[in-house]
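The chain contents come next:
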Amino acid sequence: GNLLVYIDEANGTSRLSKIESDGTERVIETYGKENSASAAVLRRVVDRVLTLYPAESYGLILWSHGMGWIPAGIEETGTSSGLCCPRDTEAYPVTKHFGADTENGSSVHMEIPDLVAALPDDLTFDFILFDACFGQTVEVAYELRNCTDYVIGSPTEIPGPGAPYESVVPAMFKGTNVGVEIGKAYYEPYEKLYTGVSPSMTWTGGVAISVIDCAALDELASVTKQTIAKNELNVGEIYNYDLRSKYSKNYVGYYDMKQLMERLSSDVTAWTSAADKAIVYWRATPKNYSGMIHAMFPVPQETTCGVTHYIPMESAPAAMAAYRSTAWYTAAGLDKIGW
């Protein structure tokens, strides 16, 4: 197998490189300053890899900041000092999306529909791994369902060091059940380091990771549409992976999908069966560390599913309107409960 990496450095240079089996980097092509959050750049890189390194199958890792599905710029811009990664002192839009870069002095991000459009129509990746915070939302996975066999990501903040690639890279080249193998390879090294104590030099602050089988997402959407029957919610009863204050302009709200469905229906038997087919791996250490609140917080793995779902807020009408344009909103029949 070939391991290709697109690297966009802060010094204004970017390159496409191949990581050799001994760990050394071999530069294939160099470029000037680029917007790595551009869908056009992503498509060019993918096309070059397909041309230069034809293979029987491909996987894709997206490493950057991540906030899920809401279009960038739909809310005010706030300052997100203290997110999980050390670069998060910049002004950061209160949105969900993937990728973060600057262009002409402004922060730019890649919308999820643009990400989907940038991927080749005639190629289904074996996996897409979001090595980025808040990557595992049902809305994002549903948008990607025709692009990949598996979506791998965290419903909350990822560890500061990101994926343990010494473990993840070998798992990427497994011939079967590659999504679950990568999920395990991401989780298990952090599980061994976990102490329940806030991390310092070594990341002892835990991790949460799940894997979605995209082949089961259409059934999950259909069963969700049949299952939901009410919209009266006590949101405070639903587990929220977003630790920011609800009064903060940075707040989004990433609610556990399983607990949400248990409150939108009187019988989730069929839904649980469909969810078990779709969510094929879910592991979390008893607590995770949040850079947003600079503290550990509990993750109740046994009563959650590791995939998040948005709950519209009347205080965010622009976000509510954008949510109604997502493919998941229509497929899951969320209009029938007035969302």
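Above this text you will find the structure in question.
Below is a summary of the structure that appears in this document. Computed from a prediction, not measured in an experiment: that's the story for all the values here. (Residues numbered from 1 in each chain as written. Predicted model: local features only at pLDDT ≥ 70, side-chain atom pairs only at ≥ 80, totals over all residues. Heavy atoms only, no water.)

A word on the overall build of the protein
Point 1. Scanning the protein for helices and strands turns up 10 helices and 16 strands.
Point 2. Looking at the protein as a whole, 53% of its 339 residues qualify as buried.
Point 3. For the protein, long-range pairs separated by at least 24 residues make up 66% of all intrachain contacts whose partners lie at least 6 apart in sequence.
Point 4. Here the protein displays about 14800 Å² of accessible surface, and carbon together with sulfur accounts for 50% of that area. (Helix = DSSP H or I, 4+ residues; strand = E, 2+ residues; numbered from the N terminus. Buried < 20%, exposed > 50% of the residue type's maximum accessible area, 1.4 Å probe, protein only. Contact = heavy atoms within 4.5 Å. Areas by Shrake-Rupley, 256 points an atom, 1.4 Å probe, with all protein chains shown as cover.)

A short note on the packing of aromatic side chains
Point 1. Summed over the entire model, instances satisfying the criterion amount to eight aromatic pairs.
Point 2. Arranged with centres 6.4 Å apart and planes meeting at 40°, the rings of Tyr6 and Tyr31 form a pair that is tilted. Taken as a pair, Tyr6 in strand β1 (residues 3-8) and Tyr31 in strand β3 (residues 25-31) lie far apart in primary sequence, 25 residues in all.
Point 3. The class of Tyr6 is partly exposed, set by a relative accessible area of 23%.
Point 4. We classify Tyr31 as buried; its relative accessible area is 18%. (Phe/Tyr/Trp six-rings, centres within 6.5 Å; stacked < 30°, edge-to-face > 60°.)

Comments concerning the pattern of salt bridges
Here the idea is simple: oppositely charged side chains can pair when their charged atoms come close.
Point 1. Throughout the structure, instances matching the rule amount to 13 salt bridges.
Point 2. Measuring nitrogen to oxygen at the nearest pair gives 3.6 Å for the salt bridge that ties Glu237 to Arg263. Here the residue Glu237 occupies a position in the loop between α6 (217-227) and β12 (255-256), and Arg263 occupies one in helix α7 (residues 257-264), the gap between them amounting to 26 residues.
Point 3. The exposure class assigned to Arg263 is partly exposed, which follows from its relative accessible area of 25%.
Point 4. One salt bridge connects Arg244 with Asp242, and the closest N-O pair in it is separated by 2.9 Å.
Point 5. Note on Asp242: relative accessible area 4%, which makes it buried. (Salt bridge = Lys/Arg side-chain N within 4 Å of Asp/Glu carboxyl O.)

Topic: helix α8 (residues 269-278)
Point 1. Looking only at α8, the buried set comprises Trp271, Ala274, Ala275 and Ala278. Looking down the long axis of α8, one finds its buried residues gathered within 100° of arc, a one-sided arrangement. Away from the buried face of α8 by more than 90 degrees, exposed residues Thr269 and Asp276 are located.
Point 2. Each element contacted by the buried residues of α8 is listed here: β11 (208-213), α6, α7 and β13 (279-284). (Arc of directions from axis to C-beta.)

Things to note about the sheet that holds β11
Point 1. Ordered in space as β4-β9-β10-β11-β13, the five strands form an open sheet in which the pairing is mixed. Either end of the sheet is taken by a strand with one partner, and the two such strands are β4 (60-63) and β13. Looking at each pair of strands side by side, their axes are set apart by 10° on average, direction ignored.
Point 2. Here four bridges tie strand β9 (residues 125-131) to strand β10 (residues 148-153), and the two strands are oriented parallel to one another. Among the inter-strand pairings, Ile128 is bridged to a residue of β10, identified as Val151.
Point 3. Contacts between helix α5 (residues 178-193) and the sheet are confined to β9, β10, β11 and β13, with β13 contributing the most and set at about 5° to the helix. (Pairing = 2+ DSSP bridges. Axes fitted to C-alpha atoms, helices over the stretch in contact; angles between N-to-C directions.)

Overview of the packing of helix α4 (residues 165-172) against α5
Point 1. At their nearest, the axes of α4 and α5 sit 8 Å apart, and the two run at 170° to each other. Taken together, the axes of α4 and α5 lie roughly antiparallel to each other. In this structure, α4 uses Ser167, Val168, Ala171 and Met172 to contact α5, whose residues at the interface are Val178, Glu181, Ile182, Ala185, Tyr186 and Pro189. (Parallel < 35°, antiparallel > 145°, perpendicular 65-115°, else oblique.)

Remarks on the environment of Lys18
Point 1. Topologically, Lys18 is positioned in strand β2 (residues 14-19).
Point 2. Lys18 has contacts with Asn2, Leu3, Leu4, Thr24, Glu25, Arg26, Ile28 and Tyr53, leaving out every residue within four places of it along the chain.
Point 3. Here Glu20 takes part through its side chain, which lies 2.9 Å from a polar atom of the side chain of Lys18. (Polar contact = N/O pair within 3.5 Å; in protein donor to acceptor, adjacent residues only side chain to side chain.)

Observations regarding unusual backbone geometry
A negative phi holds for most residues other than glycine; trans holds for most peptide bonds.
Point 1. The phi dihedral of Asn177 falls on the positive side, at around 50°, and the residue is not glycine.
Point 2. Mapped onto the fold, Asn177 is located in the loop between α4 and α5.
Point 3. In this model, His294 sits at a positive phi of 55°, which is unusual for a non-glycine residue.
Point 4. Along the chain, His294 turns up in the loop between β14 (287-290) and β15 (295-298).

Regarding the side chain of Ser290
Point 1. Among the secondary structure elements, Ser290 is positioned in strand β14.
Point 2. We classify Ser290 as buried; its relative accessible area is 0%.
Point 3. Of note is the side chain of Ser290, whose polar atom sits 3.3 Å from the backbone nitrogen of Ile293.
Point 4. Apart from residues no more than four positions distant in its own chain, Ser290 is found in contact with Glu157, Leu243, Ala295 and Phe297.

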